[in-house]
Amino acid sequence: MVAVALIQAVPALAQDAELDALNLQSAPEVAPRVAQGPKLFVEGAIGNASQRYLTSSRDIGRVSLDFSHSVRLSPTWRAVLSDRLDYIHPTEDGADATVNSLREAYLSWQPEGGNTALEFGRINLRHGPGYGYNPTDFFRDGSLRAVTSANPFARRENRLGTVMLRAQHLWSSGSLSAAYSPKLADRPSSNGWSADLGATNNRDRALIALSSQFSQRVSSQILAYKARGNSPTLGASATALLSDAAVAHVEWSRGSEPDMLSRALGAPGPATTRNRFTGGVSYTTLSKLSVTAEYQYNGFALSQSNWATLGATAPDAQVAYLLQAQRLQELAPRHAYLIYLTQKGVGIKDLDLTAFLRVNADDHSRMAWLELRRHWPSFDLAFQLQQHMGRITSEFGVLPDRRVLQVLGTYYF
């Protein structure tokens, strides 16, 4: 298909050329973290997924209701609420068809003209400039209740926040923040209407982050994270404006914990100290084409030899491993690449193209995703294509869906 060829041919790119190039709160997001005024939209999707192990395909569908609102209660107090309701067909075994995700619900206090702010409640705290993988995004694990898109930015936006108390002090060239997240439940809930505190608050956690802007061209962040039962983890990230059109980003963390296979199988494994890393370059042209190429590394993931051995001896364990990687929003292979691109105004004004290609550098399997989206004042119409390619024992080749086609309509109130 022409669309598949397009995905495989184009390099990766940045989500939006107009966003701040040195923003360290993880690369472009679908929407701002704090909405200004109420935002409500309804989205419907219908499609078809061709099966790898069956001769017939399966029909898929979804209806979503998305609401977010930020309201100032007084000169010093503000309240934020963000919620998403998804009805998904067909459902996974044992899962509810209707899933509600309370993404954010918190109060914020900041004195007039002050440089210190306090926030309490469920907050979607995101860190790291990486596009497809964020080693310093410490509150991401277990936070995604419903998978409605393969786009990493949509997943980052639609996940659950974590209940926490957060304090932040700002100055002209940086900020210092501290967050404490208490244990509120033991395990995740399968109830679609649950607040699911067990997914995000199943252990005590704390994070300190220091952000600095050394110049108009270079910004950095240093983080220290601690979860009960694990040793402290250190992280750092930086972005640098290489030219008027090019931006580089790096992100790194180092900690001690059991490897991902031990966690997937629920087997007690020894804690080892390893690294996670992401690095990439984004380039934006005058025609609003934005391309990002990114290298990703996860020292806690299976090596290619261990993945192959697991597939030969315990194929079910491979599936459990991939499901655990998805739940943790972790990188499943040891090494991977991402190419991400966006193009504003493809042929006509208000027609946008977004595409990315994920490559498992160990087993050479690939996932390609493309979206064409046409905008009107209150309505979007989009076409999406997702393709999984690779040998039957590879990361993307083992997935049951070979190709997914969808048409989406979104109405904004």
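Residues numbered from 1 in each chain as written. Predicted model: local features only at pLDDT ≥ 70, side-chain atom pairs only at ≥ 80, totals over all residues. Heavy atoms only, no water.

Peer 1: Just give me the short version of the pairing of strand β12 (residues 272-284), but keep the residues and values in it.
Peer 2: Pairing between strand β11 (residues 246-257) and β12: 12 bridges, direction antiparallel. Residue pairing for β12: Trp-252 is matched across the bridge by Phe-277. Pairing between β12 and strand β13 (residues 289-298): nine bridges, direction antiparallel. Its bridge partner lying in β13, Gly-279 is registered against Tyr-295. Here β12 folds back onto β13, and the loop between the two strands holds four residues, one of which, Lys-288, carries a positive phi near 70 degrees. (Pairing = 2+ DSSP bridges. Helix = DSSP H or I, 4+ residues; strand = E, 2+ residues; numbered from the N terminus.)

Peer 1: How would you sum up the confidence of the model for the chain? Please name residues and give values.
Peer 2: Looking at the chain, pLDDT values average 91 and 91% of them are 70 or higher. Ignoring residues within four places in sequence, the model shows residues 1-21, a span with pLDDT below 50, making 61 contacts including any to other chains. Low pLDDT (under 50) marks residues 29-35, which in the prediction has 22 contacts with non-local residues, meaning those over four places away or in another chain. (pLDDT = per-residue confidence, 0-100. Contact = heavy atoms within 4.5 Å.)

Peer 1: Give me the side chain of Gln-384: which residues, what numbers.
Peer 2: Within the secondary structure, Gln-384 sits in strand β17 (residues 379-389). Polar contacts involving the side chain of Gln-384 include one to the side chain of Glu-371, which spans 2.7 Å. Non-local contacts of Gln-384, meaning those with residues more than four positions away in its chain, are made with Trp-369, Leu-370, Glu-371, Arg-373, Val-404, Leu-405, Gln-406 and Leu-408. (Polar contact = N/O pair within 3.5 Å; in protein donor to acceptor, adjacent residues only side chain to side chain.)

Peer 1: A description of the environment of Ser-50 should follow, citing residues and the corresponding values.
Peer 2: Among the secondary structure elements, Ser-50 is positioned in strand β1 (residues 39-51). Among residues more than four places away in sequence, those in contact with Ser-50 are Ser-57, Pro-400, Asp-401, Arg-402 and Arg-403.

Peer 1: So, the pattern of salt bridges: which residues are in play, and what are the values?
Peer 2: Scanning all chains against the criterion turns up 21 salt bridges. With its nearest N and O atoms 2.7 Å apart, the salt bridge here joins Arg-103 to Asp-66. In this pair, Arg-103 sits in strand β4 (residues 98-109) while Asp-66 sits in strand β2 (residues 58-72), placing the two residues 37 residues apart along the sequence. Given the relative accessible area of 3%, Arg-103 is considered buried. For Asp-66, a relative accessible area of 6% gives the class buried. (Salt bridge = Lys/Arg side-chain N within 4 Å of Asp/Glu carboxyl O. Buried < 20%, exposed > 50% of the residue type's maximum accessible area, 1.4 Å probe, protein only.)

Peer 1: A description of helix α6 (residues 315-328) should follow, citing residues and the corresponding values.
Peer 2: When the terminal C-alpha atoms of α6 are compared, their 20 Å separation across 14 residues agrees well with the 20 Å that a helix rising 1.5 Å per residue should span. Buried residues along α6 sit in contact with α4 (260-265) and α5 (304-313). One or two steps after α6, the chain reaches Gln-329, where phi turns positive at roughly 55 degrees. (Expected span 1.5 Å × (residues − 1).)

Peer 1: A description of the pairing of β17 should follow, citing residues and the corresponding values.
Peer 2: With eight of its 11 residues buried, β17 lies for the most part within the structure. One ladder, built from 10 bridges, connects strand β16 (residues 366-375) with β17; its direction is antiparallel. Paired with Leu-372 across the bridge in β17 is Phe-383. The antiparallel hairpin formed by β16 and β17 contains three residues in its connecting segment. One ladder, built from nine bridges, connects β17 with strand β18 (residues 401-412); its direction is antiparallel.

Peer 1: Got a sec to walk through unusual backbone geometry? Specific residues and values, please.
Peer 2: Apart from glycine, the bulk of residues carry a negative phi angle, and the bulk of peptide bonds sit in the trans form. Along the chain, His-89 connects to Pro-90 via a cis peptide bond; the corresponding omega equals -5 degrees. Within the secondary structure, Pro-90 is located in the loop between β3 (77-89) and β4. Phi is positive for Asp-350, close to 70 degrees, though the residue is something other than glycine. Considering the arrangement of structural elements, one finds Asp-350 in the loop between β14 (335-343) and β15 (351-360). With a phi close to 65 degrees, His-364 is a non-glycine residue in the positive phi region.

Peer 1: Let's hear about the packing of α5 against α6: which residues, and what values?
Peer 2: Where α5 meets α6, the closest approach of the two axes is 5 Å, and the angle between their N-to-C directions is 130 degrees. With respect to α6, the axis of α5 lies oblique. Note on element contacts: α6 touches α5 through Pro-315, Ala-317, Gln-318, Tyr-321 and Leu-322, opposite Trp-307, Leu-310, Gly-311 and Thr-313. Its residues assigned to classes, the contact of α5 with α6 shows six nonpolar, three polar and no charged. (Axes fitted to C-alpha atoms, helices over the stretch in contact; angles between N-to-C directions. Parallel < 35°, antiparallel > 145°, perpendicular 65-115°, else oblique. Nonpolar A, V, L, I, M, F, W, Y, C, P; charged D, E, K, R; others polar.)

Peer 1: Break down the environment of Tyr-53 for me, with residues and values.
Peer 2: Within the secondary structure layout, Tyr-53 lies in the loop between β1 and β2. Classification of Tyr-53 as partly exposed rests on a relative accessible area of 47%. Separated by 204 residues in sequence, Tyr-53 and Glu-257 place their C-alpha atoms 36 Å apart.

Peer 1: Can you explain α5? Please cite residues and give values.
Peer 2: Quick reminder: α-helices carry 3.6 residues per turn. Residues three or four places apart thus point the same way. What α5 keeps buried is the set Trp-307, Leu-310 and Gly-311. The buried side chains of α5 occupy one side of the element, clustering within an arc of 100 degrees when seen end-on. Exposed and facing more than 90 degrees away from the buried side of α5 are Ala-312 and Thr-313. Lining the buried residues of α5 we find α4 and α6. (Arc of directions from axis to C-beta.)

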